[in-house]
Structures are given as C-alpha cells and as structure tokens.
Amino acid sequence: MATHNIISIAHDNLMTLQAALSGTLLTPDDPGYDAARMNWNVTIDQHPALIVMAEDANDVAQAVRFAAEAGLQVAVKATGHGAVLPADNCLLVVTSNMQGVSIDAANRTATLQAGVQWGPVLEEAQRFGLAPLLGSSPTVGAVGYTLGGGLGWLARKYGLAADSVLAFQVVTPAGELVEASASTNPDLYWALRGGGGNFGVVVAMTIQLYPVTTVYAGNLYYPVSLAREVYTRYREWAANAPWELTSAVVIMNYPPLPQLPEFLRGQTFIQVRGCYAGTVEDGEALLAYWRDWHEPVIDDFKAMPFTDVAQVSNDPVDPMPACHTGGWLHSITDEAIDALVSMVPAQNGPSPVIFAEIRHAGGAIAQAQPGASAFSLRDAAFILECIGVAPTPEAKQGFTQITDALKAGMASALTGGIYLNFASDHDSRQRAQAAFSAEALTRLRLVKAAYDPENRFDHSFNLIS
Ligand SMILES: Cc1cc2nc3c(=O)[nH]c(=O)nc-3n(C[C@H](O)[C@H](O)[C@H](O)COP(=O)(O)OP(=O)(O)OC[C@H]3O[C@@H](n4cnc5c(N)ncnc54)[C@H](O)[C@@H]3O)c2cc1C
C-alpha cells in the first residue's frame with residue numbers, strides 16, 4: 001500500500017472529519033500531536049499522518065471510514081505497551097479517552113470501553129467481590145491484552161482473558177459497528193480472541209468476572225548463587241501445583257537506579273513468585289515447600305487483597321525503552337536451566353536483560369476446547385518472557401545477542417511456539433505465525449481476508465506473510 005502524508009489530504013476533508021467527531025483530530029502541526037503519538041514503549045517512535053482522539057464508537061467509525069477513503073492504514077493505541085510497528089503515515093486511533101467501565105454484579109460481567117486499563121476494572125469489580133483476569137500490570141490496556149490472549153495471575157485457575165470475553169463491539173475495517181460473540185459474527189469473535197488487532201477497532205468488550213477477593217501472593221528472593229537449585233526445586237513444585245496457584249520463577253537483574261530500594265539496586269536475585277487463589281491456609285501450606293528449605297533473603301508472600309496483586313511483579317509504570325522476547329516451553333530441562341544460570345545474571349555491570357521469567361501455564365488454559373479461539377498453543381507447560389531496556393541501538397543489540405543465545409541454549413525445552421503478548425518487533429512481525437497452530441493460522445487468514453482484504457489494519461501482529 002502506498003504511503004501517504006498529511007500534505008496529500010485536502011484541508012476541507014480534514015475539517016469535515018473534525019466536524020463529524022466528538023473527539024479531536026490532530027495533525028503533525030497541532031499542539032497535543034506529540035503527546036498523543038507517544039507509546040509507553042518509547043522504542044516505537046511513530047509519526048502518524050493523522051491522530052483521532054476518539055471519544056466513542058462513532059468517532060472510531062468516522063476515523064476508519066475516512067482512512068479507507070484517503071487510502072490510509074489504521075493503527076490503534078490505548079497505552080502503547082504493546083506497539084509493535086511505528087504507525088508512520090497512518091491514521092492512528094487513540095482510545096485513551098474511552099474510559100467507561102460498567103459492572104453487572106448479578107451476572108458477574110463487566111463491559112469496558114476500548115481505552116480502559118486493567119486497574120480501574122479491578123477496582124470497580126472488587127466493590128462487588130469480583131475480579132477480571134488482568135495481567136501483571138494494572139496500567140496495561142484491557143482490550144490490547146485480551147486480543148493477544150491475556151495471561152495473568154489467575155490464568156491457571158480461570159484461563160486466559162480471551163477465554164472470558166462474552167462479546168466485542170467492533171468497528172470493522174469497512175467502518176461498520178458490529179457485535180462479535182458466539183452467536184453474532186462468530187468468525188470474528190473467534191479471531192479476536194488471540195489474533196490481535198488485525199480485524200478492526202474493538203470499541204468495547206463484555207467479559208466474565210470471577211469471585212476473587214483475597215489471594216496469597218508475593219515473592220521469595222534467593223541469592224542468584226542458588227539459581228540452579230531454585231530452578232530444579234521450582235520444576236518439582238510446579239509439577240504438583242494445584243490450578244489455584246499461578247506461579248513463576250525469575251532472574252531479576254535490578255538496574256542501579258536511585259528509585260529502587262538500596263538492597264535491590266544493581267543486585268541480581270532469583271525469585272519465586274506467584275498468586276494462590278484459594279484459602280490463605282492452603283496458600284501457606286504450599287509455601288512451606290520453600291520455607292522449609294533455605295531461608296530466602298526476602299519473603300513477602302502474604303494474604304493480600306486482590307487489588308494489590310500488582311505488587312507481585314511490580315512492573316514499571318512510566319514509559320520506557322522496552323524490548324522483549326520469549327517462547328513456550330514444554331518443560332524446564334536441565335539444559336534450559338544451564339542456559340538460564342550461565343547467561344542471564346548480569347556479569348560485569350548492568351545487563352540489557354532486566355529479567356528472564358518462566359511462568360507456569362497449563363491448568364484452565366489447557367482446558368479450553370481445541371479450536372475454541374484463535375489462541376491455539378494451549379499444551380505448553382510454561383512460557384519464557386525476557387524483558388530488556390534498550391535506550392540505545394547498542395543496548396538493543398546486546399539484549400538480542402543474549403536472548404538469542406539463551407533461546408538457543410534452551411532449545412531442548414522450547415516448543416518453537418511464541419506468545420504474541422510477550423513478543424516485540426521482530427517476533428511479532430517476522431514470526432507471528434509461530435503463535436498459532438496450522439489450522440488456526442489458516443482460519444485467521446480467512447477471517448482476515450473476509451474483514452480486511454486490503455490489510456488496512458497491519459500494525460499489529462503480522463498474520464499474512
Ligand atoms: C509492563 C508490561 C506487563 C505486561 N504484563 C502482561 C501479562 O501479565 N500478561 C500478558 O498476557 N501480557 C502482558 N503484557 C503484554 C500486553 O498485554 C501487551 O503488550 C498488550 O498488547 C498491551 O495492550 P495495550 O492496549 O496496553 O497496548 P497498545 O500498545 O495500546 O496496544 C497494543 C496493540 O493492541 C491492539 N489494540 C489495542 N487496542 C485495540 C482496540 N481497541 N482494537 C483493536 N486493536 C487494539 C493494537 O494492535 C495495538 O497495536 C505486558 C506488557 C507490559 C509492557
């Protein structure tokens with residue numbers, strides 16, 4: 001598709017679009033354009049031809065129809081946590097002003113508008129003793145997270161966020177507002193649950209909520225010198241874990257930043273972390289496996305309100321230059337442990353790899369009917385996620401070198417499949433197909449051809465080539 005810039009779009013047409021919007025149209029000359037184009041992940045620096053700050057579904061539909069007429073591609077941003085390709089020369093729909101959340105406590109559902117982050121959904125739902133299937137960070141956008149699958153601290157008990165969607169309201173690439181649910185446009189409903197932002201703009205979604213109020217959650221910090229024993233023990237612990245426990249083991253290279261507590265600054269730990277969504281007594285009993293072993297440097301596992309669950313991962317909130325990669329594991333092999341122990345801990349000074357985490361999957365994730373949704377790699381037992389900070393091209397290269405070597409060293413454990421929510425630029429564009437079974441990929445491409453034959457929504461995961 002040809003690239004366009006603002007110069008080729010007549011001023012009158014822009015005035016007509018603005019007049020049709022409740023929200024704001026921004027061109028590169030407008031104040032507010034730079035703030036609106038910024039992503040949370042600042043490595044994806046983008047210069048859209050136009051930005052529509054949408055207030056409602058009509059704004060989104062107007063924007064998408066305008067883009068079709070002007071021959072522009074459409075990209076979507078809620079927070080910019082998951083941007084994979086700069087929205088250069090596109091029409092960027094920013095959903096961050098679409099903040100409605102309504103809870104139906106009797107039916108245990110929530111309906112959210114496109115720009116809502118998980119934090120406010122959790123807070124609203126907890127007023128009724130209910131919880132959504134959010135991930136580790138409450139500032140991630142609920143819709144973007146769910147379109148990629150959505151694997152959080154309740155995943156083994158209740159499944160993926162995508163499995164809990166009852167209906168989407170979608171503006172299709174043709175600019176029509178449609179519902180996608182099990183009974184209406186079921187092909188689109190199937191594709192949106194794991195296929196990413198390839199099929200239009202989701203303006204709202206209705207999700208199932210679950211009765212979770214108190215969890216037993218936290219981290220055990222061990223010296224990195226115990227990493228090999230911790231991995232081996234974790235492997236055994238996870239093999240016997242009930243579905244109520246979603247856990248992870250992570251090597252953290254804490255950067256030497258003044259905002260971190262002194263005992264973490266510039267230090268490396270291996271941490272066992274997780275969230276037990278059963279009784280506090282049973283959670284304590286599960287932790288005895290670790291507490292009866294070496295005393296951790298820090299043990300902050302405790303009963304906590306589910307509203308505090310973000311403390312488990314303590315993800316960064318402020319925008320940063322992030323890069324990530326990972327892959328599904330069928331098991332934690334001895335070779336994988338060797339690779340993790342030898343390559344991840346920072347050696348001489350700060351490492352571009354901030355952490356390498358292995359999260360436990362399975363449980364309810366693997367229970368969904370095969371083929372029930374586009375998310376199709378449900379058999380893997382664990383998922384690897386590596387995150388780095390890449391303020392410079394050299395740092396990014398350093399991250400890629402280490403993580404490529406790590407994944408090669410972990411080959412005996414990796415299935416070859418990837419998880420799109422934990423994939424960034426290269427993986428999400430060149431390897432996105434590896435996130436799906438062959439059947440799912442074929443079906444996704446058919447849905448894509450039916451709804452977006454011109455591939456106007458090509459700023460998500462690349463399903464086409
Ligand atoms: C700190 C951090 C913690 C994370 N934790 C987890 C976790 O625990 N589990 C997990 O599964 N993932 C996790 N993720 C990954 C996260 O789910 C993805 O990055 C997700 O895409 C972010 O969505 P967003 O809307 O916030 O980001 P955005 O960058 O705004 O959106 C990402 C993409 O989603 C699509 N999209 C967003 N909104 C819409 C819409 N309304 N209609 C159509 N397409 C849309 C677009 O393709 C867009 O490019 C984490 C990411 C970060 C950075």
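Residues numbered from 1 in each chain as written. Predicted model: local features only at pLDDT ≥ 70, side-chain atom pairs only at ≥ 80, totals over all residues. Heavy atoms only, no water.

*Asks:* Provide a residue-level description of the sheet that holds strand S2 (residues 50–53), including the pertinent values.
*Replies:* Strand order in the open sheet made by the four strands is S1-S2-S4-S3, with mixed pairing throughout. Of all the strands in the sheet, the pair left with one neighbour each is strand S1 (24–26) and strand S3 (74–77). Direction aside, the axes of adjacent strands within the sheet are offset by 20 degrees on average. Where S1 and S2 come together, three bridges link them in antiparallel fashion. (Pairing = 2+ DSSP bridges. Helix = DSSP H or I, 4+ residues; strand = E, 2+ residues; numbered from the N terminus. Axes fitted to C-alpha atoms, helices over the stretch in contact; angles between N-to-C directions.)

*Asks:* Describe the packing of aromatic side chains, and please don't skip the residues or the numbers.
*Replies:* With the rule as written, the count across this model stands at 18 aromatic pairs. Stacked on the ring of Trp 290, the Lys or Arg Arg 233 has its end atom at 5.7 Å from the ring centre. Above the plane of the ring of Trp 190 lies Arg 443, whose end atom (NZ or CZ) is 4.1 Å from the centre. (Phe/Tyr/Trp six-rings, centres within 6.5 Å; stacked < 30°, edge-to-face > 60°. Lys NZ or Arg CZ within 6 Å of the ring centre and 35° of its normal.)

*Asks:* Summarise the site of the ligand; cite the residues concerned and give the values.
*Replies:* Around the ligand, the structure places 32 residues, and the nearest of them are Ala 78, Thr 79, Gly 141, Val 202 and Tyr 419. Within the contact set of the ligand, an oxygen atom lies 3.1 Å away from a backbone nitrogen or oxygen of Ala 83. In the environment of the ligand, a nitrogen atom lies 2.8 Å from a nitrogen or oxygen atom belonging to the backbone of Leu 151. Protein contacts shield 95% of the accessible area of the ligand, which totals 950 Å² for the unbound molecule. Looking at the shell around the ligand, the elements with two or more residues in it are S3, helix H5 (142–148) and strand S9 (201–208). Take the shell around the ligand: its biggest share by element is four residues, from H5. Classifying every residue of the shell around the ligand gives 14 nonpolar, 15 polar and three charged. (Near = heavy atom within 4 Å. Polar contact = N/O pair within 3.5 Å; in protein donor to acceptor, adjacent residues only side chain to side chain. Areas by Shrake-Rupley, 256 points an atom, 1.4 Å probe, with all protein chains shown as cover. Nonpolar A, V, L, I, M, F, W, Y, C, P; charged D, E, K, R; others polar.)

*Asks:* Quick one: what's the story with unusual backbone geometry, residue by residue and with numbers?
*Replies:* Unlike most non-glycine residues, Asn 185 shows phi in positive territory, near 45 degrees. Along the chain, Asn 185 falls in the loop between strand S8 (177–181) and helix H7 (186–192). Judged by its relative accessible area of 27%, Asn 185 is partly exposed. At Asn 455, a position not held by glycine, the phi torsion is positive, near 50 degrees. Looking at the element boundaries, Asn 455 is found in the segment after helix H13 (438–451). The exposure class of Asn 455 is buried, given its relative accessible area of 19%. (Buried < 20%, exposed > 50% of the residue type's maximum accessible area, 1.4 Å probe, protein only.)

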